[in-house]
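Coordinate analysis (summary)
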Protein chains: 2
Amino acid sequence: MNILIIGAAGMIGRKLTRALIEKGEINGKPVERMVLADIMQPPAPDFPGAVETLEADLSQPDIAERLISSRPDLIFHLAAIVSGEAEANFEKGYRVNLDGTLSLFEAIRKAGLEQPYTPRLVFTSSLAVFGSPLPDVIGDTQCLTPLTSYGTQKAISELLLADYSRKGFLDGIGIRLPTISIRPGKPNKAASSFFSSILREPLIGEEAVLPVSESVRHWFASPRAAISFLLHAAEIDTSPLGQQRSITMPGLSATVGDQIAALRRVAGDAAVKLIRREPNAAVAEIIDGWPRSFSAQRGEALGFKAESSFDDIIRVHIEDELENAVPERV
Amino acid sequence: MNILIIGAAGMIGRKLTRALIEKGEINGKPVERMVLADIMQPPAPDFPGAVETLEADLSQPDIAERLISSRPDLIFHLAAIVSGEAEANFEKGYRVNLDGTLSLFEAIRKAGLEQPYTPRLVFTSSLAVFGSPLPDVIGDTQCLTPLTSYGTQKAISELLLADYSRKGFLDGIGIRLPTISIRPGKPNKAASSFFSSILREPLIGEEAVLPVSESVRHWFASPRAAISFLLHAAEIDTSPLGQQRSITMPGLSATVGDQIAALRRVAGDAAVKLIRREPNAAVAEIIDGWPRSFSAQRGEALGFKAESSFDDIIRVHIEDELENAVPERV
C-alpha cells in the first residue's frame, strides 16, 4: 500500500500516521510507502518503509498532481481551514476548503485518464454541513443546510465526492466527525475548546474555565475513536453506500453535567473543583446552534464504533496522553 | 436599471429580454441599459436604451469581470450546459456550470471590495438537484441529493448562492423551474422533448411521437410562466428568504393523459390523432426517476404563480407562438 495523508501535521494526521504504522496493513496489504503532506512540514515518523514528508499547499497550482504522482492507493484528505478562520477569511476558506479539494479530485481524475486509477479517498467532513433549525436527534437523512462558509465548503465537497465517485473517478467516502474530546494540547480560541479543557486541565491538576451551563448537550468522540473511523473508512466495502457517500459518524451525546460526573467518577472531587464557572453569553449563543445528538444508525450499521460513556472517553485520554497515569483520587 | 442577462441567446433568455423591454421598469425604476451575453452572440433587441450584445464564455478568464464592469443592478444567470451534455462531457459541464458560476460570484464580490456593490442575482436552478427516492409530492424541505453531474453542479451553485448572499456579497435568489411545456421550436434529443412535441406538432397539423404511457406524471409550466417567475424574482423582497435562497417554482402536475385531454378540448380529435404511440423503454426509464409533483407552497406564498390547467398552457402557446391562430376543430 502507498498511502497519502494530506493534513498530516495536525493532531488527527499525526495520530493517524502512527496508527497506520502500528497496524502495518490495510485489508491485508502491507503499508509500504507513506506520503505525508501539510501546509507545514509534517514530522518524519519512525517507519521502516519509504516515507516522504512534504510542505505543500493543496490549493496552489500543480501541488495536487505532485502529491498523487506516486499514484497512492489510499488517500486521506484531512486538510482544512477551520470554521472560525474560514468565516473570518472568506477567500482563504474557499481557496483551501473548496479549490484545494477540487484540485485533488481533478488531479486524481486526470491521472485516471492516462491509465486506470481509482484510489480510495477518505474525506473528513463536518457536522457543520447541518444548520438550524435542527431536531433534538438528527437522523441520517437530515438535509445539508449549512449556515457558515466552512459548512458550505464541506457540503459542496460532499456533493463533489459523490459525483466523482459515481463517475468512477475515485472511490470516495466522507466521514462527519463528532466534536473530538478530549483533544490533547492547550486550550484554544475555538468556541468548543472548553468541551476538552474542563476535563483535560483538571486531570493534570490545573484549573479550567466552563463558560456555559451544565445542561448544554453536544456530540462527542475521542481522538482514538476518530482514528478508528478513518481506518475503518479506508477498509470497508463502499458498494453499499450508493450515491450517499458521506456518513455521520457515531458518537456520544452528553451534557456538560455528564462530562463533569464522569470526571468525578474517574478522578475524584478534587479534579472537579478545578473547574471554574465563568458564564460567557457569546460562547453560549454559538453553542446553542450546534447539534445535540445524532442517531447515526447508518454509520453503526457500517461498523463504525464510538465510546458509549464519558468515563471511557476520559480513560482513553489517560491511556493515550497521560501515559496511563491516573490522577490520585482525593 | 442596468440589467445583465447571461444566457441571453437561449429560448428563455430571448423571451426574458423582450419581456423586460415591454415591462420597461423593475420596481418602478426604468430599464435604461441592457447587457446581453451568451456563448453565441445574442440578437440585438429592439430597445431604445443602451444595449450591448456580447459573445462571451463565462468560464474563461476575465469574462465575468468584463460582464459586470458596468456594475449592473440586476443580473440574470441563465447560462448552463444542459443535463445530457453535462453528463456526457464531465469537464465541460463543471467548467461552465460550476467554474462559470463561481467566476461570476467572485467577480461580483471583488467589485464590491472597491466600492459597495450588491446586485440582485437571479439564478435558474433545476429540479435535478433532487434525486430518487422521491415522494409522490415533493415538499419545500426536500434534501438536495442530485444523481447527475448537472444536478450536482446546480446544487453546489445553490449552496454558493446562499453563502455569498449570507455574507452580503450579492442578493441572490435561485428558482427551480418546472419542465417547460410547450417549448417553441423543433423536437430535440432531450428525453423530455415529447412533453412539448405531442402538443406543439399537432397544433400545426404535424405528427408527433409519444414514447411513454399516458399515466406518466410530471411537473410543468409554460414559457410565459417561466418569464413571470424570473421577473418576480427580480422584484421581490428577499429578506424573508433567510438562508434558504433557492425556491421550487409552482407548476402544474399533470399526466400525459391530462395533456392529451386538454389538446382534445382546445384543438379537437383531429389534433389528438396526430399523436403516434411508439413506446421507448429507454425514455420511459429515464422519466421514471423524475419528480411527479411538488407542493411548492413556499414559492406560492412568495407570489410566484403558474398555470392551473393544461388547457391554459396550450392557450398560452397559441397566443404567444402561433399568433393566436387556434387550429380549426374537426
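Quick note: structure is the one above.
To start, this report covers the structure provided alongside it. In this text the structure is predicted, and so the values were computed from the model without any measurement. (Residues numbered from 1 in each chain as written. Chains lettered and ligands numbered in written order. Predicted model: local features only at pLDDT ≥ 70, side-chain atom pairs only at ≥ 80, totals over all residues. Heavy atoms only, no water.)

This brings us to the interface of chain B and chain A. Often, the extent of an interface is quoted as the loss of accessible area upon association of its parts. At the junction of the two partners, chain B supplies 31 residues and chain A supplies 30 residues. Carbon and sulfur atoms make up 61% of the area that chain B and chain A hide from each other, which totals about 2300 Å². Where chain B meets chain A, there are 6 salt bridges. The partner of Glu-91 of chain B in a salt bridge is Arg-109 of chain A, and the shortest N-O contact between them spans 3.0 Å. Linking chain B with chain A are 16 residue pairs in polar contact (both at pLDDT 80 or more). For the side of chain B that touches chain A, the secondary-structure elements that each account for two or more residues are helix H4 (90-114) and helix H5 (149-166) of chain B. (Contact = heavy atoms within 4.5 Å. Buried area = accessible area lost by both parts, 1.4 Å probe. Salt bridge = Lys/Arg side-chain N within 4 Å of Asp/Glu carboxyl O. Polar contact = N/O pair within 3.5 Å; in protein donor to acceptor, adjacent residues only side chain to side chain. Helix = DSSP H or I, 4+ residues; strand = E, 2+ residues; numbered from the N terminus.)

This part takes up the packing of aromatic side chains. Under the criterion given, the structure shown has 24 aromatic pairs over all chains. Look at Phe-90 of chain A and Tyr-164 of chain B: their rings are 5.0 Å apart centre to centre, the planes differ by 90°, and that puts the pair in the edge-to-face class. Remark: Tyr-164 of chain B occurs in helix H5 and Phe-90 of chain A occurs in helix H4 (residues 90-114); the pair is interchain, linking two chains. The class of Phe-90 of chain A is buried, set by a relative accessible area of 6%. Note on Tyr-164 of chain B: relative accessible area 1%, which makes it buried. Relative to Phe-294 of chain A, the ring of Phe-130 of chain A has its centre 5.8 Å away and its plane inclined at 45°; by these criteria the two rings are tilted. Taken together, the positions of Phe-130 of chain A in the loop between strand E7 (120-126) and helix H5 (149-166) and Phe-294 of chain A in the loop between helix H10 (281-288) and helix H11 (297-301) put the pair 164 residues apart, joining distant regions of the chain. (Phe/Tyr/Trp six-rings, centres within 6.5 Å; stacked < 30°, edge-to-face > 60°. Buried < 20%, exposed > 50% of the residue type's maximum accessible area, 1.4 Å probe, protein only.)

We now examine the pattern of salt bridges. Inspection of the entire model under this criterion finds 52 salt bridges over all chains. Here Glu-214 of chain A makes a salt bridge to Arg-277 of chain A, at a shortest N to O gap of 2.2 Å. Here Arg-277 of chain A lies in strand E14 (residues 275-277) and Glu-214 of chain A lies in the loop between strand E10 (208-210) and strand E11 (217-221), a separation of 63 residues in the sequence. On the basis of relative accessible area, Glu-214 of chain A is assigned to the partly exposed category, the value being 34%. Accessibility expressed as a relative area gives 45% for Arg-277 of chain A, which makes it partly exposed. Two residues, Arg-33 of chain B and Glu-52 of chain B, come together in a salt bridge whose shortest N-O distance is 3.2 Å. You can see Arg-33 of chain B sitting in strand E4 (residues 33-38) and its partner Glu-52 of chain B sitting in strand E5 (residues 50-55), a full 19 residues away along the chain. For Arg-33 of chain B, a relative accessible area of 30% puts it in the partly exposed group. Three or more residues are tied together by salt bridges with common partners; here these are Glu-87 of chain A together with Asp-163, Arg-166 and Lys-167 of chain B.

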